[in-house]
Amino acid sequence: NCFHLREYSARKGYTFSKTNQLIFNFKCKPSICAADGRRKHYKALSIRAFAADLRGSIDEQHVPLVTWVPVPPSKVPGHVEYDDRLERVLHTAFAGYQADIRCLLRQSGSVEADHASDDRISEPELRGLLQIDHKALGTQPLRQHIVLFDDVITTGKHFKCCEHHLKAITPAGHPIFGLFIARSVRPPMFQELDDSELV
């Protein structure tokens, strides 16, 4: 139950396509943006571009039927590299709509982002780090559907771990979907390698 808006060409670099360029800018670290106004500007442009994609893909009447849940970033709030880019896309995309955008999931600690590390966190380790934010959960009832929103789907690890936790706090059969900005299209020989060009 996963969908994507674009395709990202892995191992091709940021000059390969418009989507690659936007993803590169979108993933720019907060510390780099803070030090370089141009990089901050281009990151903001990528956020607006992806928000426009999302707004143009979802009928306004369907938005209030969904609880939109951004997948937690690799760093926890308060960390210098904490990045709320997914939240920003959702709020920009659905400005003026009756959208339920909630950070229902959080991590108990910071880890290295998968695209920036040669030693990816395992699925069991990630599942152990993820937690339900019960304060956010209790603010209002969940809507008819839950959509987990993330940037690039590669293996689906983050989606599966987040889905696992959400299933534990929702009635059996409550629909949970994944919506991604892009699907990673990887050459066969690089299927197990990281996207180091995004660092």
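The shown structure was predicted, so the numbers you read here are calculated from the model rather than taken from an experiment.

So, how was this worked out
- Residues numbered from 1 in each chain as written.
- Predicted model: local features only at pLDDT ≥ 70, side-chain atom pairs only at ≥ 80, totals over all residues.
- Heavy atoms only, no water.
- Core = buried A, V, L, I, M, F, W, Y, C linked by side-chain atoms within 4.5 Å.
- Buried < 20%, exposed > 50% of the residue type's maximum accessible area, 1.4 Å probe, protein only.
- Helix = DSSP H or I, 4+ residues; strand = E, 2+ residues; numbered from the N terminus.
- Salt bridge = Lys/Arg side-chain N within 4 Å of Asp/Glu carboxyl O.

Looking now at the nonpolar core. Ranked by size, the top nonpolar core spans 25 residues in total, and within it Leu54, Trp68, Val89, Phe94 and Phe149 carry the most contacts. Listed by contribution, the elements that provide at least two residues to this core are α1 (18-26), α3 (37-57), β2 (66-70), α4 (85-93), β6 (145-153) and β7 (176-185).

Now for the pattern of salt bridges. By the definition in use, this model includes 11 salt bridges. The salt bridge partner of aspartate 133 is arginine 106, with a shortest N-O separation of 3.8 Å. Placement of the pair is aspartate 133 in the loop between β5 (130-132) and α6 (134-137) and arginine 106 in strand β4 (residues 105-107), with a sequence separation of 27 residues. What makes arginine 106 partly exposed here is its relative accessible area of 40%. Bridged by salt links that share partners, the residues Lys27, Lys43, Asp83, Arg85 and Asp151 form one connected network.

Relative to the elements of secondary structure, glutamate 112 occurs in the loop between β4 and α5 (123-129). Residue glutamate 112 is classed as partly exposed on the basis of its relative accessible area of 42%. Each C-alpha atom, one on glutamate 112 and one on lysine 75, is 7.7 Å from the other, the two residues being 37 residues apart in sequence.

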